[in-house]
Amino acid sequence: MSKPKSLKTQLLLKLTLPLAVIVILDTAVSYAVVLHYTGLAYDRWLLDSARSLTQEVKSQQDKVTFELPPIAVEVFRWDETDQTFFKVESPATGFMAGDKALPSPPPDAFVENAPYFFDSEMQGKKVRVVSVPATPAAVSGEVIVSVAETLNKRQAMMKEILLAVVLPQLLLVLVTGLHVWTGVDRGLKPLRDLSSLIARRSVRQLDPIPDDGVPQEARSLTDTINDLLQRLAAAMQAQRRFVENAAHQLRTPLAGLKLQAERALRAEDAETMKPALAHIHNAADRLSRLSAQLLALARSESALPGGRKLATLELTALVRECCMDWAPKALERRMELEFDAPENSVSVSGDATLLREAVDNLLDNAVRYGKAGGRIGVTLAAEPSPLLRVEDDGPGIPPQEADKVAERFYRIQGTPGEGCGLGLAIVEEIADLHGATLRIGPGASGRGARIEIAFQAPSSP
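Values in this document were obtained by computation on a predicted structure and should not be read as measured data.

So, the overall build of the chain
(1) Moving on: Within the chain, the regular secondary structure consists of nine helices and 14 strands.
(2) Moving on: Here the chain, with 461 residues, has 36% of them falling under the buried criterion.
(3) Moving on: Restricting to contacts in the chain with at least 6 residues of sequence separation, those with at least 24 account for 62%.
(4) Moving on: By element, 57% of the accessible surface of the chain is carried by carbon and sulfur atoms, the whole surface being about 28500 Å².

Quick look at the pairing of strand β7 (residues 143–150)
(1) Moving on: Burial of β7 is extensive: eight of the eight residues sit out of reach of the surface.
(2) Moving on: One ladder, built from six bridges, connects strand β3 (residues 84–90) with β7; its direction is antiparallel. Residue pairing across strands places Lys87 opposite Ser146, the latter belonging to β7.
(3) Moving on: Alignment of strand β6 (residues 125–134) against β7, held across eight bridges, turns out to be antiparallel. Each residue of the ladder has a partner; that of Val130, found in β7, is Val147.

A short note on the pattern of salt bridges
Proximity of charged atoms lets side chains of opposite charge pair with each other.
(1) Moving on: This structure, assessed with the given rule, holds 17 salt bridges.
(2) Moving on: The residue Lys153 makes a salt bridge to Glu149 at a minimum N-O spacing of 2.8 Å.
(3) Moving on: A relative accessible area of 18% means that Lys153 is categorised as buried.
(4) Moving on: Linked through salt bridges whose partners overlap, the residues forming this network are Arg389, Glu391, Arg439, Arg450 and Glu452.

What about the sheet that holds β7?
(1) Moving on: Sheet architecture is open: five strands sit in the order β4-β3-β7-β6-β5, paired in antiparallel fashion. Because the sheet does not close on itself, it has two edges, and the strands there are β4 (94–98) and β5 (116–122). Along the sheet, successive strands turn relative to each other by an average axial angle of 30°, direction set aside.
(2) Moving on: Relative to β6, β5 runs antiparallel, the two sharing seven bridges. Along β6, the bridge assignment pairs Tyr116 with Ser131.

With respect to the sheet that holds strand β11 (residues 375–381)
(1) Moving on: Pairing is mixed across the open sheet formed by five strands, whose spatial order is β9-β11-β12-β14-β13. Looking at the sheet topology across the chains shown, the edges are occupied by β9 (336–340) and β13 (437–442). With direction set aside, neighbouring strand axes in the sheet form an average angle of 10°.
(2) Moving on: Bridge analysis of β11 against strand β12 (residues 387–392) gives six bridges, and the strand direction is antiparallel. Looking at β12, one finds that Thr379 is bridged to Arg389.

Overview of the packing of aromatic side chains
Aromatic rings considered in pairs are described by the distance between their centres and by the relative angle of their planes.
(1) Moving on: All chains considered together, the criterion is met by two aromatic pairs.
(2) Moving on: When the centroid spacing of 5.6 Å and the interplanar angle of 85° are considered together, the rings of Phe76 and Phe86 count as edge-to-face. Taken together, the positions of Phe76 in helix α2 (residues 70–77) and Phe86 in strand β3 put the pair 10 residues apart, joining distant regions of the chain. The pair Phe76 / Phe86 is uniform in exposure class, with both members buried.

Some details on the nonpolar core
(1) Moving on: Among the nonpolar cores identified, the biggest contains 36 residues, and Leu315, Val319, Leu355, Leu362, Val378, Leu388 and Ile453 are the most heavily contacted of them.
(2) Moving on: Those elements giving two or more residues to this core turn out to be α7 (315–332), α8 (352–369), β11, β12, α9 (423–433) and β14 (449–454).
(3) Moving on: No other element matches α8, which puts eight residues into this core.
(4) Moving on: Those residues within four positions of Leu388 in sequence are excluded, and the remaining contacts are Val319, Val359, Leu362, Val378, Thr379, Leu380, Ile451, Glu452 and Ile453.

Structural notes on the side chain of Thr54
(1) Moving on: Locating Thr54 in the fold gives a position in helix α1 (residues 7–54).
(2) Moving on: Classification of Thr54 as buried rests on a relative accessible area of 17%.
(3) Moving on: Non-local contacts of Thr54, meaning those with residues more than four positions away in its chain, are made with Val132, Ala134 and Val145.

Focus on unusual backbone geometry
(1) Moving on: A positive phi angle, close to 55°, is found at Gln123, a residue other than glycine.
(2) Moving on: For Gln123, the position within the fold is in the loop between β5 and β6.
(3) Moving on: Owing to a relative accessible area of 57%, Gln123 belongs among the exposed residues under this scheme.

Side note on the packing of α1 against helix α3 (residues 152–187)
(1) Moving on: Two elements in contact, α1 and α3, have axes whose closest approach is 9 Å; the angle formed by their N-to-C orientations is 165°. Looking at the two axes, α1 sits roughly antiparallel to α3. At the point where α1 passes α3, the crossing takes the right-handed sense.
(2) Moving on: Per-class residue counts for the contact of α1 with α3 are 20 nonpolar, six polar and six charged.

Parameters at a glance
Residues numbered from 1 in each chain as written. Predicted model: local features only at pLDDT ≥ 70, side-chain atom pairs only at ≥ 80, totals over all residues. Heavy atoms only, no water. Helix = DSSP H or I, 4+ residues; strand = E, 2+ residues; numbered from the N terminus. Buried < 20%, exposed > 50% of the residue type's maximum accessible area, 1.4 Å probe, protein only. Contact = heavy atoms within 4.5 Å. Areas by Shrake-Rupley, 256 points an atom, 1.4 Å probe, with all protein chains shown as cover. Pairing = 2+ DSSP bridges. Salt bridge = Lys/Arg side-chain N within 4 Å of Asp/Glu carboxyl O. Axes fitted to C-alpha atoms, helices over the stretch in contact; angles between N-to-C directions. Phe/Tyr/Trp six-rings, centres within 6.5 Å; stacked < 30°, edge-to-face > 60°. Core = buried A, V, L, I, M, F, W, Y, C linked by side-chain atoms within 4.5 Å. Parallel < 35°, antiparallel > 145°, perpendicular 65-115°, else oblique. Left-handed = near helix turned anticlockwise from the far one by under 90°. Nonpolar A, V, L, I, M, F, W, Y, C, P; charged D, E, K, R; others polar.

Below you can see the structure in the form of structure tokens.
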């Protein structure tokens, strides 16, 4: 598992990398601009030197001459930093004066007598050369004056200008980087404070986190945490109520078991022991059903979204099997159990074990609370969305109680039988896990109870 990256590091990288790229690009552009204008300035000086030498090219008696006094040559060549070379030549007569080793321009170098600049080497040193055509009046042919200079002054000036440009930029980057660092550190301080606040909390402290001073961008995080804490508090409260109610429900049959066991122990013969044993049997049966219901509720609660994978299953076959399992119980109470389903199969996306538990609880309620000798109707519908309906013709559920009967351990006052008030709570829990809706109301004739599980319409492939 890779180590998670620090949010501070990610923010710094995202802020400083673009800045670094901009500085590099700006440095490259500055270097190109400095190189261009430095070369242009020194090329102009070089051209002026060449043109000053062309003034010394003269014609005498139909001949081209170039005369430059030694002192003038010394002045021309003098430079503290660079070496200066020159050469005067004629394509017709050849070398005339200057440095013979200085490279000559190519034959087609001049376009409309414009000066020609090129880079070359002289005495093992790189030089910049300019060649200028010079043709004295009344003389046919052409004279070429070339002047060359080493690159020391150019390079020194480029370094000075680059330092003058780049150093302030580097200082700006450092100042900006320091400001970004401190800004990110201060910006993340509310998150660090929030983390410390949560770390100091106990597992039972589920009151909302104060969001005073929390930035707007982090408010959604605190809102989400507070919503989670609220749901956790509600879940823990529901769990405490569940444990208390379960303990209460278990205490009654256990007390009955103890009482009847003591009664059986006091009996002198088997005949007087039978009533106590019958009560013990009923209490054990009630305990068995209660434990089964509690386990079913625990299974449905643990099947959180994402904990189980829902698969497409054939609901018609599942409900039919459940009806066949409950048919003997219905016959014991002389009830008629009817099952009606469309010809085409009804399919839903769900968990077969949980759905079977839900159907069993609906049928158990119908058999337990329906009218003896009455009718139980189980109906499946496919359109517009899958629907399971279980109806009985018993006393029914009063409208004012319809919203309460699905609560855990809730039983309507005066209800016969020994139910524990968990059946519909389990059905509702399983329906919620499948995205279905539990609907409770009176039967079709106004008598009895009608309980429906309306599933979501299947998604189109």
